[in-house]
Amino acid sequence: MGTIRTLLSPRILSIRNKSDINLLRILVFGLLGIAFWGGLFGISYRLLIYFQSIEELGDILAWKLLSMVLIICFALLIFSSLLTALSKLYLSKDLQLVHSMPISSYKIFTARWIETALDSSWMIIVYTLPVLIAYGIVYSAGAADFIYGLLVMGAALVLLSLLASLLSAIAVMMAVMAIPPGRIKTIFVFLGLLLFILLYFAFRLIRPERLVDPEAFSTVMIYLKLLETPSSPFLPTTWAFNAIRAVLTKTLGASLLNGGLLLFSTGVAIFVAIIIADVVYFKGVSKSQTARQPLRKPKDDGFYRPGRSILPRPVAAYLAKECKTFFRDQTQWSQIFLILALIVIYLYNFKVLPLERAPIKTVYLQNLLSFLNMGLAALVLTAITARFAFPAVSIEGEAFWIVRSSPISLKSFLWIKFFIYLIPLLILTELLIVATNLLLAVTPFMMALSLATILFVVPAVVSLGIGLGAAFPDFNSENPAQSVTSFGGLIFMFISAGYIMAVVVIEAGPVYRVFMAGVLGNGLRATDWLWIFVSFGSILLLTAAAIFYPMKYGHDRLARAS
């Protein structure tokens, strides 16, 4: 244990001696984290209270929900652990130094596995706890029962996290022996995204909203049978679920049995992982160090022809470089499949909306949903921008000095980034708006309003992503895409969401007045036209500020830092 503690000491000391602690960042992260945590707890508690008000079916629904939460949690842990284990075990920059020390490879693996388990699971654990706490409060008879139940639920969640990280580490070690680590990372990313897409499609096509609508089934017996269908007894999530349900229903024997199965399987997984690491881990690390591809002279593939470009030669050359870099990085473009799948699911949700069963008239409900859909589509745009546009500057990495020494100004560099991401994101968001409006069969006015609003929103959101990404770059990260979870990424998502909400709120009043005037056949008064002019003028000014100020702010901060 002393050797493993020594290997972990750099990580511990780096946290303890961190000199750039920013109280503002801690305050912002803390407040937002507490708000999100409290929201999850509030929703879970209200939902469980509602379930308890349903006689006979309430408890079945509550346990079914807990089972689904644990399965989703375990799947997320597996996906996160796969990528983290690959980076920690084979792609870290300090591997040559660590493996040059007189230490057994299994001890190095153990230290790295501990880091992997912590990094890949802490956030999932933190944001699953409010759901479990809500179960503890609702189903506990007193304070002692609640504390005991919370300890069991916390232990089950920790054991699930450890087991997920162990299984992922074993899978990575075995896969590296067959495939070079540089290529296996792309394979794991693609397979993980594919698994997520398949799970999401399966979950959505099952239409879980039917679980609260017994009328969707031919008989009550079929409904009850579906709800009580057990999971596989060989899954760790089943043991965790049975242990938690047993402790909340005061069944001590079943709780000890299932908790013991989970603890025993985790211990066996640790033993197996250490044995495998002792045999193959160092070989895999050695293979990863010798599998580097030599630099080759780039060949002209016709992508860029200086004489044919209408742009200045340096700008055209850098534009070609950006496009080539994006399509050569498989971890970037492979995630387009995930985005397309999420868009299909987004559209499918609109297709299955039961508008005809709503108590509101269809014509009002269709256009109301269309108006709200502008905000939803803009939030989808924010998520995509956070993944691709925000890390666009950080992705230059340690080669950023080449950009600074090139015959391109920093301002041109940022605007090139802006236009590279603006065009595809604008086309994507407009198509999303058109498709959803066609599914909702909205009026021509709402169609035109949605397209015009998105035409202004997309440049503002992309500018916020590029500008704030330049203001808060992370050139030393092994995975620049992780910069979206940094303080700058949080600020971007917060400001972007605030801008979108402001646009929707400012438009709401005038749009409602114009829509009702069209439905009732009334004309607009002079005060209505003044209100429309002021509202849309305010949106234009707000959008102009959101486009130009973040780019200037990012340029100034990046120029001072470099």
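Computed from a predicted model, the values in this text were never measured in an experiment.

Would you explain the overall build of the protein in this entry?
For the protein, the count of helices and strands is 19 helices and 0 strands. In the protein, which comprises 562 residues, the share counted as buried stands at 41%. Long-range pairs, those at least 24 residues apart, make up 82% of the contacts in the protein between residues at least 6 apart in sequence. For the protein, the accessible area works out to roughly 30,400 Å², and carbon and sulfur atoms hold 71% of it.

Help me understand the pattern of salt bridges, please; the structure alone is not making it clear to me.
Taken as a whole and assessed by the stated rule, the structure comprises 4 salt bridges. In this structure, K88 and E115 form a salt bridge, with 3.4 Å as the shortest nitrogen-oxygen distance. With K88 in helix α3 (residues 57-91) and E115 in helix α5 (residues 105-139), this pair connects stretches of sequence that are 27 residues apart. By relative accessible area, which is 12% here, E115 ends up buried. Put simply, D556 and K552 hold a salt bridge, and the shortest N to O gap is 3.0 Å. Taken as a pair, D556 and K552 lie in helix α19 (residues 526-561) at a separation of 4 residues, close to a single helical turn.

Could you clarify how one ought to interpret the environment of S80 in this entry?
Mapped onto the elements of the fold, S80 is located in helix α3. Placed 85 residues apart in sequence, S80 and S165 show a C-alpha to C-alpha distance of 8.5 Å.

Help me out: how do you make sense of a nonpolar patch on the surface in this one?
A contiguous nonpolar patch, built from F264, V268, F271, V272, I275 and V279 and spanning about 570 Å² of accessible area, is present on the exposed surface. Mapped onto the secondary structure, V268 falls in helix α10 (residues 252-290). Take V268: its relative accessible area is 36%, and that puts it in the partly exposed class.

Mind showing me how you'd approach helix α16 (residues 410-440) here?
Residues spaced three or four apart along an α-helix face the same direction, because each turn holds 3.6 residues. Counted at 1.5 Å a residue, the expected span for α16 with its 31 residues is 45 Å, and the 45 Å between its end C-alpha atoms agrees. Along its length, α16 reaches its greatest deviation from straightness, about 25 degrees, at L422, and the proline P424 lies no more than four positions downstream. The positive-phi residue at the C-terminal boundary of α16 is A441, with phi of around 55 degrees.

Help me understand the nonpolar core, please; the structure alone is not making it clear to me.
Looking at soluble globular proteins, one finds that nonpolar side chains tend to be buried together. Ranked by size, the top nonpolar core spans 58 residues in total, and within it F413, L414, Y421, I466 and L558 carry the most contacts. Counting residues per element, the ones that place at least two in this core are α11 (313-328), α14 (362-388), α15 (400-405), α16, α17 (444-471), α18 (487-520) and α19. Looking at this core element by element, the count peaks at 14 residues for α17. In this structure, W63, L77, L160 and A240 belong to the second largest nonpolar core, which totals 32 residues.

Before we go on, may I ask you to explain the packing of α3 against helix α9 (residues 236-248) in this structure?
Relative orientation and spacing of two packed helices are given, respectively, by the angle between their axes and the distance between those axes. It is at 9 Å that the axes of α3 and α9 come closest, and there the two elements cross at 140 degrees. When the interaxial angle is binned, α3 and α9 end up oblique. Here α3 and α9 pass one another in a crossing that is right-handed. In this structure, α3 uses W63, L66, S67, L70, I71 and F74 to contact α9, whose residues at the interface are P236, T237, A240, F241, I244, R245 and L248. For the contact of α3 with α9, the residue count by class is 10 nonpolar, 2 polar and 1 charged.

How should I be thinking about α9 in this particular structure?
Its 13 residues place the ends of α9 19 Å apart at the C-alpha level, agreeing with the 18 Å of an ideal helix rising 1.5 Å per residue. Among the 13 residues that make up α9, 11 are buried, leaving the element largely enclosed by the rest of the structure. Regarding α9, the residues found buried are P236, T237, T238, W239, A240, F241, A243, I244, A246, V247 and L248. Taken from the residues just after α9, K250 is the one with a positive phi, measuring 65 degrees.

When you look at the side chain of S161 in this model, what are you seeing that I'm missing?
Along the chain, S161 turns up in helix α6 (residues 143-176). Residue classification places S161 among the buried positions, given a relative accessible area of 3%. Setting aside residues up to four positions removed in sequence, S161 forms contacts with L77, S121 and I125.

Teacher, can you tell me more about the packing of α17 against α19 here?
The contact between α17 and α19 brings their axes to 7 Å, and the two run at 20 degrees. Relative to α19, the element α17 is oriented roughly parallel. As α17 runs across α19, the sense of the crossing is left-handed. On α19, the residues that touch L449, F456, P459, A460, S463, L464, I466, G467, L468, A470 and A471 of α17 are F536, L540, T543, A546, I547, F548, P550, M551, Y553, G554, R557 and L558.

Even after reading the chapter, I still don't get unusual backbone geometry, so can you show me in this structure?
Glycine aside, the phi torsion of most residues is negative, and most peptide linkages are trans. The residue K250 is not glycine, and still its phi comes out positive at about 65 degrees. On the accessibility criterion, K250 (48% relative accessible area) is partly exposed.

Would you take a moment to explain the confidence of the model for the protein for this structure?
Detailed reading of the predicted coordinates is not advisable wherever pLDDT is low. For the protein, per-residue confidence averages 77 on the pLDDT scale, and residues scoring 70 or more make up 74% of the total. Considering each helix and strand of the protein separately, the mean pLDDT is smallest for helix α8 (residues 220-227), with a value of 48, and largest for α17, with 90. Below a pLDDT of 50 lies the segment residues 216-224, which in the model reaches 14 contacts outside its immediate sequence neighbourhood of four places, other chains included. Predicted confidence is poor over residues 300-304, with pLDDT under 50, and the contacts of this stretch with residues over four places away or in other chains come to 9 contacts.

Before we go on, may I ask you to explain the packing of aromatic side chains in this structure?
Throughout the structure, instances matching the rule amount to 14 aromatic pairs. When the ring of Y50 is compared with that of F51, the centres are 6.1 Å apart and the planes differ by 45 degrees; the resulting orientation is tilted. Take Y50: its relative accessible area is 47%, and that puts it in the partly exposed class. An aromatic cluster of three or more residues is present, and its members are W415, F418, F419 and F548.

I would appreciate a short explanation of the environment of A502 in the present structure.
If you trace the backbone, A502 turns up in helix α18. In this structure the C-alpha to C-alpha distance between A502 and L542, which are 40 residues apart in sequence, comes to 9.0 Å.

Calculation notes
Residues numbered from 1 in each chain as written. Predicted model: local features only at pLDDT ≥ 70, side-chain atom pairs only at ≥ 80, totals over all residues. Heavy atoms only, no water. Helix = DSSP H or I, 4+ residues; strand = E, 2+ residues; numbered from the N terminus. Buried < 20%, exposed > 50% of the residue type's maximum accessible area, 1.4 Å probe, protein only. Contact = heavy atoms within 4.5 Å. Areas by Shrake-Rupley, 256 points an atom, 1.4 Å probe, with all protein chains shown as cover. Salt bridge = Lys/Arg side-chain N within 4 Å of Asp/Glu carboxyl O. Patch = residues over 30% accessible without salt bridge, like charges linked within 9 Å, V, L, I, M, F, W, Y side chains within 5 Å. Expected span 1.5 Å × (residues − 1). Bend = angle between axes of the 7 residues up to and from the residue. Core = buried A, V, L, I, M, F, W, Y, C linked by side-chain atoms within 4.5 Å. Axes fitted to C-alpha atoms, helices over the stretch in contact; angles between N-to-C directions. Parallel < 35°, antiparallel > 145°, perpendicular 65-115°, else oblique. Left-handed = near helix turned anticlockwise from the far one by under 90°. Nonpolar A, V, L, I, M, F, W, Y, C, P; charged D, E, K, R; others polar. pLDDT = per-residue confidence, 0-100. Phe/Tyr/Trp six-rings, centres within 6.5 Å; stacked < 30°, edge-to-face > 60°.

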